[in-house]
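Each chain, letter by letter, is given below.
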Amino acid sequence: MLRLDLAQEPRLLEIETNTRKRLGEAQRMQWLGEVAGLQESLRHIATKKQQVERLREQSDQGAAGENALG
């Protein structure tokens, strides 16, 4: 399983933007199989974004705990 790295969040957002553009084109061209695949990709991207947010919250809590101890 791949571990998320907060530094890669901009790339994840770039992938999401690109996927949404491709989805729009696929919908205009009525490429139904491509539409279904891209929608599935967007669901996975949304899951990864949620994981990034949880990781960021954990990181922020850890940093706050370190500052409180310091």
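What you see is a predicted model; the values in this text were computed from it and never measured.

Rules used in this analysis
Residues numbered from 1 in each chain as written. Predicted model: local features only at pLDDT ≥ 70, side-chain atom pairs only at ≥ 80, totals over all residues. Heavy atoms only, no water. Helix = DSSP H or I, 4+ residues; strand = E, 2+ residues; numbered from the N terminus. Buried < 20%, exposed > 50% of the residue type's maximum accessible area, 1.4 Å probe, protein only. Contact = heavy atoms within 4.5 Å. Areas by Shrake-Rupley, 256 points an atom, 1.4 Å probe, with all protein chains shown as cover. Expected span 1.5 Å × (residues − 1). Arc of directions from axis to C-beta. Core = buried A, V, L, I, M, F, W, Y, C linked by side-chain atoms within 4.5 Å. Polar contact = N/O pair within 3.5 Å; in protein donor to acceptor, adjacent residues only side chain to side chain.

Student: Would you take a moment to explain the overall build of the protein for this structure?
Tutor: The helix and strand inventory of the protein stands at two helices and zero strands. In the protein, which comprises 70 residues, the proportion classed as buried is 16%. Across the protein, every contact between residues at least 6 apart in sequence was considered, and the portion connecting residues at least 24 apart equals 56%. Summed over its atoms, the accessible surface of the protein is roughly 5,700 Å², and 52% of this surface lies on carbon and sulfur atoms.

Student: Sorry if this is basic, but what is going on with unusual backbone geometry here?
Tutor: Most of the time, phi is negative for any residue but glycine, and the peptide bond is trans. Located in the positive-phi region is Gln30, a residue other than glycine, with phi close to 60 degrees. The residue Gln30 is located in the loop between helix H1 (9–29) and helix H2 (32–69) in this model. Taking the relative accessible area as the measure of exposure, Gln30 reaches 62% and is therefore exposed.

Student: Even after reading the chapter, I still don't get H1, so can you show me in this structure?
Tutor: Each turn of an α-helix holds 3.6 residues, which means side chains three or four residues apart point in the same direction. Between its first and last C-alpha atoms H1 spans 30 Å; for 21 residues at 1.5 Å apiece the expected length is 30 Å, and the two agree. Along H1, the residues classified as buried are Leu12, Glu16, Thr19, Leu23, Gly24 and Ala26. Burial along H1 is one-sided: seen end-on, the buried residues are contained in an arc of 165 degrees. Exposed positions of H1 whose direction lies more than 90 degrees from the buried face are Pro10, Lys21 and Arg28.

Student: Help me understand the nonpolar core, please; the structure alone is not making it clear to me.
Tutor: Generally speaking, nonpolar side chains in soluble globular proteins are found buried as a group. Counting residues in hydrophobic clusters, the biggest one holds eight residues: Leu12, Leu23, Ala26, Val35, Leu38, Leu42, Ile45 and Val52. At the level of secondary structure, the elements contributing two or more residues to this core comprise H1 and H2. Ranked by residue count, the leading element in this core is H2, at five residues. In this structure, Ile45 is in contact with Leu12, Ile15, Glu16 and Thr19, ignoring residues within four places of it in sequence.

Student: It is not clear to me how the environment of Lys49 should be interpreted in this structure. Could you clarify?
Tutor: By the secondary structure assignment, Lys49 is in helix H2. The exposure class of Lys49 is partly exposed, given its relative accessible area of 32%. When residues no more than four places from it in sequence are discounted, the contact partners of Lys49 are Leu12, Leu13 and Glu16. A polar side-chain atom of Lys49 sits 3.0 Å from a polar atom in the side chain of Glu16.

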